[in-house]
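An overview of the molecular structure
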Amino acid sequence: MPRSPLVISVPHAGRDYPAEMQALLTVPIARLTGLEDRFVDAVASGALGDEAMIVAHRPRGWIDLNRSPVRDRDPQVDAGIEPRAFSAMASDKVRSGIGLIPRRAGGAENMWRRKLTTAEVAVRIAQDHAPYHAALAVALAAAHARFGTALLVDLHSMPPLPGATPARIVLGDRYGHSCGARFTDLAARVLRDTGLPLAVNHPYAGGHILNAHARPRAGIHGLQVEIDRSLYLDAALDRPGPGLDATIRRVRTLLDALTDAVLGDTRRIAAE
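Predicted model only: the values in this text are computed from it and were never measured. (Residues numbered from 1 in each chain as written. Predicted model: local features only at pLDDT ≥ 70, side-chain atom pairs only at ≥ 80, totals over all residues. Heavy atoms only, no water.)

**Thoughts on the sheet that holds strand β3 (residues 150-158)**
Sheet strands line up and pair through hydrogen bonds in the backbone, either parallel or antiparallel. Read from one edge of the open sheet, six strands run β2-β1-β3-β6-β4-β5, paired in mixed fashion. Each edge of the open sheet carries a strand with a single partner, namely β2 (52-55) and β5 (198-200). The mean inter-strand angle of the sheet, taken between neighbouring strand axes irrespective of direction, is 20 degrees. Packed on one face of the sheet, helix α5 (residues 118-147) meets β1 (6-10), β2, β3 and β6 (220-228) and runs near 165 degrees to β1. (Pairing = 2+ DSSP bridges. Helix = DSSP H or I, 4+ residues; strand = E, 2+ residues; numbered from the N terminus. Axes fitted to C-alpha atoms, helices over the stretch in contact; angles between N-to-C directions. Contact = heavy atoms within 4.5 Å.)

This is how it looks when you write it as structure tokens:
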């Protein structure tokens with residue numbers, strides 16, 4: 001029985017690099033950390049209350065859980081994809097080398113020594129991608145069944161953005177398609193009140209996770225939250241730093257406000 005209408009997703013903080021992956025790389029593992037939402041799982045764990053939380057342990061370089069296993073396969077990585085037939089439907093993410101299985105990292109144009117076979121890609125989808133999404137679906141369905149409304153908080157981190165006064169947190173709701181405006185607006189207001197510059201949907205509007213799971217008209221909302229890594233990591237952006245506790249408090253404040261808002265929906269629906 002879920003104790004909260006919120007479900008937290010942490011898909012990109014995995015640091016478990018399997019040996020079979022290391023054998024195929026053209027770059028050292030240390031150069032793949034730029035693909036990670038480095039230690040954002042420490043923020044999520046520190047802020048966790050009654051929410052269900054799904055955290056990936058495999059790294060994004062192994063398979064990206066925020067990419068479609070159908071539309072985001074890269075023919076330069078995946079031997080099972082015919083390049084000419086696929087080019088018309090390839091997403092911008094695939095073209096830039098950060099598809100379902102990333103191609104670019106650590107300064108390398110292709111971080112793989114060879115293309116992966118159809119079977120190798122299928123194993124990654126079956127063992128890592130599909131179970132993660134199944135767990136999210138189960139948790140959201142349970143929250144929705146109990147509370148009438150469920151809200152997925154898809155937690156990520158981002159490198160510091162350029163500019164004189166860059167956003168330190170970016171909220172994404174796929175331009176209003178994944179989350180009711182009342183929840184996005186509330187999240188923006190709460191985070192701005194903590195004193196941080198904030199943006200909505202630019203440059204990160206949300207990806208496959210929101211697209212696959214959020215159905216606002218059915219009462220399941222999804223909001224992506226991107227946190228500037230310099231807020232909670234050290235100066236090298238490598239290990240948890242002195243700002244970790246303050247970032248945890250900000251995220252907890254956000255979760256509390258969203259929980260209150262969703263429970264307000266539940267009370268309103270019950271009264272109708």
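**Comments concerning the nonpolar core**
Counting residues in hydrophobic clusters, the biggest one holds 37 residues, and the most contacted among them are L171 and L258. Elements supplying a minimum of two residues to this core: β1, α2 (40-47), β3, β4 (169-172), α6 (181-193), β6 and α8 (244-271). Top contributing element to this core by residue count: α8, with eight residues. Sequence-distant contacts of L171, that is, excluding residues within four places in its chain, are made with T184, A187, A188, L191, L198, A199, V200, N201, Y204, L223, Q224 and V225. In terms of nonpolar packing, the next biggest core, distinct from the first, is built from 33 residues, A56, L116, V121 and L140 among them. (Core = buried A, V, L, I, M, F, W, Y, C linked by side-chain atoms within 4.5 Å. Buried < 20%, exposed > 50% of the residue type's maximum accessible area, 1.4 Å probe, protein only.)

**Overview of the side chain of E226**
Mapping E226 onto the fold places it in strand β6. The charged side chain of E226 is buried without a salt bridge, its nearest counter-charge being R229 at 6.1 Å. Separated by 3.3 Å, the side chains of E226 and Q224 make a polar contact. Once residues lying within four places of it in the same chain are set aside, the contact partners of E226 are H156, S157, M158, R168, I169, V170 and Y204. (Lys, Arg positive; Asp, Glu negative; His and termini not counted. Salt bridge = Lys/Arg side-chain N within 4 Å of Asp/Glu carboxyl O. Polar contact = N/O pair within 3.5 Å; in protein donor to acceptor, adjacent residues only side chain to side chain.)

**So, unusual backbone geometry**
Backbone geometry follows two general trends: most residues other than glycine have a negative phi, and most peptide bonds adopt the trans configuration. For the bond running from H202 to P203, omega is 10 degrees, close enough to zero to count as cis. Along the chain, the position of P203 falls in the loop between β5 and α7 (208-213). Unlike most non-glycine residues, F39 shows phi in positive territory, near 55 degrees. Mapped onto the elements of the fold, F39 is located in the loop between α1 (19-22) and α2. Taking the relative accessible area as the measure of exposure, F39 reaches 10% and is therefore buried. Its identity as a non-glycine residue notwithstanding, N201 has a phi of 70 degrees, on the positive side. Mapped onto the fold, N201 is located in the loop between β5 and α7.

**Quick notes on the pairing of β6**
Summarising burial for β6: nine of the nine residues are buried, a large majority. By the alternation rule, side chains of β6 split into I220, G222, Q224, E226 and D228 and H221, L223, V225 and I227, which are all buried. Pairing between β3 and β6: nine bridges, direction parallel. Residue pairing for β6: D154 is matched across the bridge by Q224.

**A few points about the packing of aromatic side chains**
Evaluation of the coordinates by the stated rule reveals zero aromatic pairs. Across the ring face of F39, the terminal group of R15 is positioned such that the distance to the ring centre comes to 4.0 Å. Stacked on the ring of W62, the Lys or Arg R124 has its end atom at 3.8 Å from the ring centre. (Phe/Tyr/Trp six-rings, centres within 6.5 Å; stacked < 30°, edge-to-face > 60°. Lys NZ or Arg CZ within 6 Å of the ring centre and 35° of its normal.)

**Describing the environment of R113**
Mapped onto the fold, R113 is located in the loop between α4 (92-95) and α5. Look at R113 and you get exposed, because its relative accessible area is 59%. Taking the C-alpha atoms as reference points, R113 and D245, 132 residues apart in sequence, are found 40 Å from one another. The residues contacting R113, other than those within four sequence positions of it, are A23, L24, L25 and T26. Within polar-contact distance, the side chain of R113 engages the backbone oxygen of L25 at 3.0 Å.

**Some points on α5**
An ideal rise of 1.5 Å per residue puts 44 Å on 30 residues; α5 measures up with 41 Å between its terminal C-alpha atoms. The sharpest bend along α5 reaches about 40 degrees and sits at I125. What α5 keeps buried is the set V121, R124, I125, D128, H129, Y132, H133, L136, A139, L140, A143 and F147. Backbone geometry just after α5 places G148 at a positive phi near 85 degrees. (Expected span 1.5 Å × (residues − 1). Bend = angle between axes of the 7 residues up to and from the residue.)

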